[in-house]
Every structure is written in structure tokens, then in C-alpha cells.
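Overview (structure and organization)
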Amino acid sequence: MMAVVRSSIAPVYGEARTASERVDEILYGWQVDVLSRCGEFCHISTDYGYQGYVLAIDLELAPLPLPNGQLQIGRDFVDVLSSPHVRGDVVATLPRGGFVTLAGEIGDYTPVKMVGGRICYVRGDALEEQTLQAIDETKLRQGLAAAAELYLGTQYRWGGKTHLGIDCSGLTFMAYRLNGITIWRDAHHKEGYPLRKIPPAVAEVGDLIYFPSHVAMVLEGGNIIHSSHGNNGVKVQKLAKHPQEILYACTIF
């Protein structure tokens, strides 16, 4: 059974209780597979293979396939309004990476169909297509780095994926996701996803560096960008000064 996330940010728990570990977040408009119902929770699997438990009120059962015209939120957060006017009621506030369905021409206030069918309005300059940003390797590497840098200064949040808080693998996952590429959402390499292992010495901009229970992205000038609880957030640091031992690197190229 398929469902679509109807909450701006839906926590994914390790067990069917809110007091359990918050292992992930899924965002508005993302599609999931409902494996079973567990009281007020649904046991779900994401399109990137992550499983956990989500409150049923955060989901809406949806037919397949999703409608055409899916657009991605391209701002840290954007208000969804009840009418095409600055004074419209705020129906929801959606995070970068969430999805809405286009319901008319893109303009200053663009009509979108929300989960459940309601027509609302979003500023057109806050919407973008989710496609592979560039086939050219140099441009794609730049796009990956630029996407990660959008989260600079964001606080650390275990299991987080938004500007409210993000963890190390949430940062690298979202940087690739915003460029139309789905990778494994965890701080280790997993077979069956686009990344492949390479020696750390040959890693370039946009490649990932893995440490024990940690992952970072390579930037220019010997720098990495990463989210760590020690820094309490997303920062750029020199790779040579990172205190942990490098295990391996991964690239998509």
C-alpha cells in the first residue's frame, strides 16, 4: 500500500512509539510504501530503502502513480497560502526538498494541488524541478557542493534532514537528492546505490569521505563540509584537521 507524506516534516521512529529513536525524517509530498499498520503508527519503507515507523496522521493513502507536475521546494522554507495574495492564510510551511503538484501556470503566486487535493498557492520562485542538475561531471560536482552549502549553520539534529536540524548523512543525502540522485541515507556505504568506493587520496569535490559513524562531503581547497554534534551543526573544516580516522571515500562518477 502506497502513501504520501501530508505533514511538512514527518519523523521516522525506530519503533512504533514516539519515545523511541528518531532515525530519519521524510518530507511533504514524498511517497512511501506502507508495510503494515501498528496502532497509531504505520511501518513504512522509503523509496531509498529506509524503514521505520511513522504516525499514521502524517500520511495519506495515495494511488499510483503520483500525478504529473511534481515540483520541489527550493527554499529553506516556504509558506503555502490559501489565496494568491500576501495576506492569504498560511496553510502550511514546507521545507526544502518537499514536493507539491503544479495546478496551473507558474507565476508570482503559483497554484499547487496539495496532498488531499486542496488548491493552494506558493511563490513561483520557490519552486523548482527535481532533475539531474548536470550530466557534465564538473557541473554536477559543483551542484553537489552548492547544495550541501545551502545548509551551512544549520544545527545538528539526529535523524534530521531540514534547516531546522540535520545530521551528517542527512546532509549528504539531501545534497545528492536535490541534484536528482538518491543515495543511501546512513553514515556507511551500501551496495546497490549509485556511489562506489574509491581511495580517499583521489576524492574530489562532491565525493564523500567516510569516518567511523560519520560522513562528510569534499569541497575545494582540502576542505570538507559536514554536520557533527561536536560542532553542533554544519560547518566547513580542513580535512587534515579532522580528528577521526578516514575509512574510505565514495564517488558517483
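Data block above holds the structure.
A short tour of the structure in this document, coming up. (Residues numbered from 1 in each chain as written. Predicted model: local features only at pLDDT ≥ 70, side-chain atom pairs only at ≥ 80, totals over all residues. Heavy atoms only, no water.)

**What to know about the overall build of the protein chain**
Operational definition: Strands here are runs of E lasting at least two residues and helices are runs of H or I lasting at least four, both read from the DSSP assignment and numbered beginning at the N terminus. The quantity called the radius of gyration is restricted to C-alpha atoms. Its globule counterpart is 2.2 Å times the number of residues to the power 0.38. Three labels apply to residues, based on accessible area from a 1.4 Å probe with only protein chains included: buried if under 20% of the type maximum, exposed if over 50%, partly exposed otherwise in between. In this description, contact between two residues means that some pair of their heavy atoms is separated by no more than 4.5 Å. Where accessible areas are quoted, they stem from the Shrake-Rupley method and a 1.4 Å probe; at the residue level, only the protein chains shown are allowed to cover.
The secondary structure content of the protein chain amounts to two helices and 22 strands. Against the 2.2 N^0.38 benchmark of 18 Å for 253 residues, the protein chain shows a C-alpha radius of gyration of 18 Å, consistent with a compact globule. Each principal axis of the C-alpha atoms in the protein chain carries an extent, and together these give about 50 × 40 × 30 Å. A burial count over the protein chain gives 51% of its 253 residues as buried. In the protein chain, the share of contacts with a sequence separation of at least 24, taken over all contacts with a separation of at least 6, comes to 55%. Here the protein chain displays about 11,700 Å² of accessible surface, and carbon together with sulfur accounts for 50% of that area.

**Remarks on the packing of aromatic side chains**
Stated precisely, the cut-off is as follows: Whether two aromatic rings pair depends on their centres lying within 6.5 Å, for rings of Phe, Tyr and Trp, where Trp uses its six-membered ring; planes under 30 degrees apart make the pair stacked, over 60 edge-to-face, and the rest tilted.
For the coordinates displayed, the defined rule picks out eight aromatic pairs. With a centroid separation of 6.2 Å and 35° between ring planes, the pair formed by Tyr48 and Tyr50 is classed as tilted. In this pair, the class of Tyr48 matches that of Tyr50, namely buried. With 4.9 Å between their ring centres and 25° between their planes, Tyr210 and Tyr248 make a pair best called stacked.

**Comments concerning the side chain of Gln72**
Within the secondary structure, Gln72 is located in strand S8 (residues 70–73). Residue Gln72 is classed as buried on the basis of its relative accessible area of 0%. In contact with Gln72, other than residues within four places in its own chain, are Gly97, Gly98, Phe99, Ala126, Leu127, Glu128, Gln130, Arg177 and Leu178.

**Regarding the pairing of strand S2 (residues 9–13)**
Spelled out, the test is: Strand pairing follows a simple DSSP-based rule, namely that at least 2 bridges must link the two strands.
Within S2, five of the five residues are buried, leaving the element largely enclosed by the surrounding structure. On S2, burial covers both faces: Ile9, Pro11 and Tyr13 on one face and Ala10 and Val12 on the other are all buried. Relative to strand S3 (residues 22–27), S2 is paired through five bridges, and the arrangement is antiparallel. Looking at S3, one finds that Ile9 is bridged to Leu27.

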